[in-house]
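Take a look at the letters that make up each chain.
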Amino acid sequence: MDFGKLTAASERMPRDLLTVSSRRFQCCANRPRRCVNRRYVAAHSQPEQIASAGAGNGSPALTLKLQEQKQQQQLVSMDFQSRYGATEPRKGCDVLVEALERQGVDVVFAYPGGASMEIHQALTRSTCIRNILCRHEQGEIFAAEGYAKSSGKVGVCIATSGPGATNLVTGLADALLDSVPLVAITGQVPRRMIGTDAFQETPIVEVTRSITKHNYLVMNVEDIPRVIKEAFFLASSGRPGPVLVDIPKDIQQQFSIPDWSQKMKLDAYVQRLPPRVSEPSQLEQVLRLIQEAKRPVIYCGGGCIDSSEEVREFVEETGIPLASTLMGLGVFPQSDERCLQMLGMHGTVYANYAIDSCDLLLAFGVRFDDRVTGKLEMFARRASIVHVDIDSAEIGKNKQPHISIWSDVKPVLRGLNRMLKSRDMKLDFSAWRDELQEQKQKFPLTYPCFDNDCIVPQYAIRTLAEITQGNAIISTGVGQHQMWAAQWCKHEEPRRWLTSGGLGAMGFGLPAALGAAAASPGIPVVDIDGDGSFIMNIQELATIHVEKLPVKIMVLNNQHLGMVVQWEDRFYKANRAHTYLGDPDAEAEIYPDFRKFADACKVPSARVTRKSDLKEAILTMLQTPGPYLLDVIVPHQEHVLPMIPGGASFKDIITEGDGRIKYE
């Protein structure tokens, strides 16, 4: 088989027409696209196809993007000093590692195996890249996500073929849904063995096609510099997302003299990026709606994470109150009186009241997720809707806006802020804010207090938040503890809140925390976890000890899958269906004993069962050098409130009750 000709052919073909099957490697010219929605089509359109489509395009925006891209590449090339001579041959694995170095990568999360050994050998020859050896590939990709979410840089993880690659699947899906810039590199069996069901062969390009922004199978060693350059550009531009690069072992071993001046073949992709400057007429329409509104609300999502300064300025100029999604927490300071905190299923009553009562909804960087909207036709039913999003597939997908702006949020807000400053619009929404303030006083976030000195989970999180004052990076697993952390932590700055939002992947908390600790060594990192989530990636206790990452872990241990138990209580007459995680033969004991796991990994730990001892235990955790595990025993009957049941609306909101009450 002529791999050179095959690679050249694949460069010209749409990616979904190039199939790597478990039985054969084939070019299927008539293969139908298997897409499920417009998001898939938008995210998975082949960036390289018909590369000449962008050629000759005279649009200023496209020209500017290409010029900036070229200048950035030249700058990196000028500053970078290779350890190889310009004409010195080196292995493909060394070309790969140098390509990562040229992208500014300083940390990778990689677990070795047969098909990726060459890459790890090359990493040992690098003087700029630190490899953090997580104890499971799912742990490493969650760690790469934590690194990316907390730093804003592209996270990088590396795994071997077969089971190593498939262990990355959950993380890739999570990164796609939460728009996390990620490059996942996998080893693959040698080219001659592809399609033969070789040992540890998995067609990972096919497996991950629908859960990545783009992916590559590198069939020519000379393509590595360009492919890595493209992968980083794709991961971080437009709507960020994960890119997978699959590299056969013989490509890693093949000697080559890399050409670092290769241009990216992404003209068509760049052409499809949103315009950098919004149309003034659209901004004028938005301002007119704001001027006419009496009860406007900002609905702020994860797409605003890099536009925090602009969001704050916009609120300052307009006085419009703001409600945040789970992914948007920290974009606007919670301490500001105009902040309504989180909206949605477990959002505050006043945030959901504002959405239900508003006459103008300014939706910035959001996707109208079902956990936010509930019953779609009832969501913001009285409001005119302005939707600004970088992904055109999200606009009108769930909720039809009255004004849609396809753009990054930052330039739109900058344009609006300039126009607001240049005009005397005399906006006054004080009566609306007073109405919302009354709702805050009438329906504050609360939790029960008991006389028996037991620790309620909300109190534990609130105590931690009061001590850290919003200065720590907080990661979570998924479940009740995640929602309580969203409600009770002090979210003052962006990139201090790390959680699995769209996918809801349990086991995310600890690996994400270690990734954040690697990215931000000067900032305290605390993983608030549940016992169910924590045990899913508990092996990473070994990683934080060996890698000397000072991650603090506060486990809210109720011996149950708390969120599922809550739904059982509310909707299944409290019938327990495999949600108890303790030892049924010794229910009085705490099982398993996480302190023994920690001790086995040489991580200091403690357990606290009484409210009177909690604050001192948290202070000890935070003040102890290095990693630390605090096992906080809490009752399993507590419910996350408020709660809008799935598919319901604001009028159905639940504000009272717990697992001690029977529901019909």
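Scroll up for the structure.
Everything numeric in this text was worked out from a predicted model, so none of it was measured.

S.K.: Tell me about the overall build of the protein, and please be specific about residues and values.
M.R.: The helix and strand inventory of the protein stands at 26 helices and 22 strands. Out of the 664 residues belonging to the protein, those deemed buried represent 59%. For the protein, restricting intrachain contacts to residue pairs at least 6 apart in sequence, the fraction spanning at least 24 positions comes to 75%. Element-wise, carbon and sulfur atoms account for 51% of the exposed surface of the protein, whose accessible area totals about 27100 Å².

S.K.: Account for the sheet that holds strand β17 (residues 473-476), with residues named and values stated.
M.R.: Taken in spatial order, the six strands of this open sheet run β18-β17-β19-β20-β22-β21, and their pairing is parallel. Each having just a single partner strand, β18 (497-498) and β21 (605-608) make up the two edges of the open sheet. The strands touched by helix α20 (residues 480-488) are β17, β18, β19 (525-530) and β20 (551-557); relative to β19, the strand with the most contacts, the crossing angle is about 135°. Contacting β19, β20, β21 and β22 (628-633), helix α26 (residues 611-623) runs over the sheet at an angle of about 165° to β22.

S.K.: Lay out the sheet that holds strand β5 (residues 130-132) with the relevant residues and their values.
M.R.: One open sheet accounts for six strands, arranged β5-β4-β6-β7-β9-β8; its pairing is parallel. Taken across any chain shown, the strands that pair with only one partner, and hence form the sheet edges, are β5 and β8 (214-217). Neighbour-to-neighbour, the strand axes of this sheet turn through a mean angle of 20°, independent of strand direction. When strand β4 (residues 107-110) meets β5, the two strands line up parallel, connected through three bridges. Residue pairing across strands places V108 opposite N131, the latter belonging to β5.

S.K.: Just give me the short version of the pairing of strand β7 (residues 182-188), but keep the residues and values in it.
M.R.: By the criterion of burial, β7 is predominantly enclosed, with seven of the seven residues buried. Burial along β7 is two-sided: L182, A184, T186 and Q188 and V183, I185 and G187, pointing in opposite directions, are all buried. In this sheet, β7 lies alongside strand β6 (residues 155-159) in parallel orientation, the contact comprising five bridges. From the neighbouring strand, V156 faces β7, where its bridge partner is V183.

S.K.: Provide a residue-level description of the pattern of salt bridges, including the pertinent values.
M.R.: Going through the model one piece at a time under the given rule, you end up with 39 salt bridges. Of the charged contacts, one joins K426 and D424 as a salt bridge, the two residues approaching to 2.9 Å between their closest N and O atoms. Overall, K426 belongs to the exposed group, its relative accessible area being 68%. On the basis of relative accessibility, which here comes to 63%, the residue D424 falls in the exposed class. One salt-bridge network, held together by shared partners, links R239, D391, E394 and K397.

S.K.: Could you give me a rundown of the packing of helix α6 (residues 137-151) against helix α8 (residues 169-177), with the residues and numbers involved?
M.R.: Running from N to C, α6 and α8 cross one another at 20°; their axes reach a closest spacing of 8 Å. Taken together, the axes of α6 and α8 lie roughly parallel to each other. Relative to α8, the crossing made by α6 is right-handed. Seen from α6, the contacting residues are Q138, I141, F142 and E145; seen from α8, they are T170, G171, L172, D174 and A175. Of the residues belonging to the contact of α6 with α8, the class tally is four nonpolar, three polar and two charged.

S.K.: Report on the packing of aromatic side chains, specifying residues and quantitative values.
M.R.: Two measures describe an aromatic ring pair: the distance that separates the ring centres and the angle between the ring planes. One pass over the structure, following the stated rule, counts 13 aromatic pairs. Note on F594 and F597: the rings are 6.4 Å apart at their centroids and 50° apart in plane angle, and the pair reads as tilted. With F594 and F597 both in helix α25 (residues 594-600), this residue pair falls three residues apart, about one helical turn. An aromatic cluster of at least three residues, connected via ring pairs, comprises Y299, F368 and F379. K611 extends its terminal NZ or CZ atom over the ring of Y459, reaching a point 4.6 Å from the ring centre.

S.K.: For unusual backbone geometry, give the residues involved together with the corresponding values.
M.R.: The amide bond that connects Y591 to the next residue, P592, takes the cis arrangement and shows omega of -10°. Of note, P592 is situated in the loop between α24 (562-571) and α25. Following L641, the chain continues to P642 via a peptide bond in cis, the omega torsion being 0°. Locating P642 in the fold gives a position in the segment after β22. Notably, Q341 is not glycine yet its phi reads approximately 65°, a positive angle. Here Q341 lies in strand β13 (residues 339-342).

S.K.: Please provide a residue-by-residue account of the nonpolar core, values included.
M.R.: L361, M554 and V632 are the most contacted members of the largest nonpolar core, which has 58 residues in total. For this core, the leading source of residues is helix α15 (residues 349-357), giving six residues. Those residues in contact with V632 that lie beyond four places of it in its chain are I455, A460, M554, V555, L556, N557, V608 and L614. In this structure, A165, V180, M219 and V551 belong to the second largest nonpolar core, which totals 55 residues.

S.K.: Can you lay out the environment of I590 for me, pointing to particular residues and giving the numbers?
M.R.: Among the structural elements, I590 can be located in the loop between α24 and α25. A sequence separation of 43 residues divides I590 from I633, and the C-alpha atoms of the two residues are 8.5 Å apart.

S.K.: Tell me about the pairing of β8, and name the residues and values.
M.R.: Side-chain alternation along β8 places H214 and Y216 on one buried face and N215 and L217 on a second face that is also buried. Between β8 and its parallel partner strand β9 (residues 242-248), the chain crosses via helix α10 (residues 224-236), and the hand of that crossover is right-handed.

S.K.: Tell me about a nonpolar patch on the surface, and name the residues and values.
M.R.: Among the surface-exposed residues, I535, M536 and F597 lie close enough to one another that they form a single nonpolar patch of about 260 Å² accessible area. Among the structural elements, M536 can be located in the loop between α22 (531-534) and α23 (540-546). Owing to a relative accessible area of 45%, M536 belongs among the partly exposed residues under this scheme.

About the thresholds
- Residues numbered from 1 in each chain as written.
- Predicted model: local features only at pLDDT ≥ 70, side-chain atom pairs only at ≥ 80, totals over all residues.
- Heavy atoms only, no water.
- Helix = DSSP H or I, 4+ residues; strand = E, 2+ residues; numbered from the N terminus.
- Buried < 20%, exposed > 50% of the residue type's maximum accessible area, 1.4 Å probe, protein only.
- Contact = heavy atoms within 4.5 Å.
- Areas by Shrake-Rupley, 256 points an atom, 1.4 Å probe, with all protein chains shown as cover.
- Pairing = 2+ DSSP bridges.
- Axes fitted to C-alpha atoms, helices over the stretch in contact; angles between N-to-C directions.
- Salt bridge = Lys/Arg side-chain N within 4 Å of Asp/Glu carboxyl O.
- Parallel < 35°, antiparallel > 145°, perpendicular 65-115°, else oblique.
- Left-handed = near helix turned anticlockwise from the far one by under 90°.
- Nonpolar A, V, L, I, M, F, W, Y, C, P; charged D, E, K, R; others polar.
- Phe/Tyr/Trp six-rings, centres within 6.5 Å; stacked < 30°, edge-to-face > 60°.
- Lys NZ or Arg CZ within 6 Å of the ring centre and 35° of its normal.
- Core = buried A, V, L, I, M, F, W, Y, C linked by side-chain atoms within 4.5 Å.
- Right-handed = clockwise from strand over helix to strand, strands pointing away.
- Patch = residues over 30% accessible without salt bridge, like charges linked within 9 Å, V, L, I, M, F, W, Y side chains within 5 Å.

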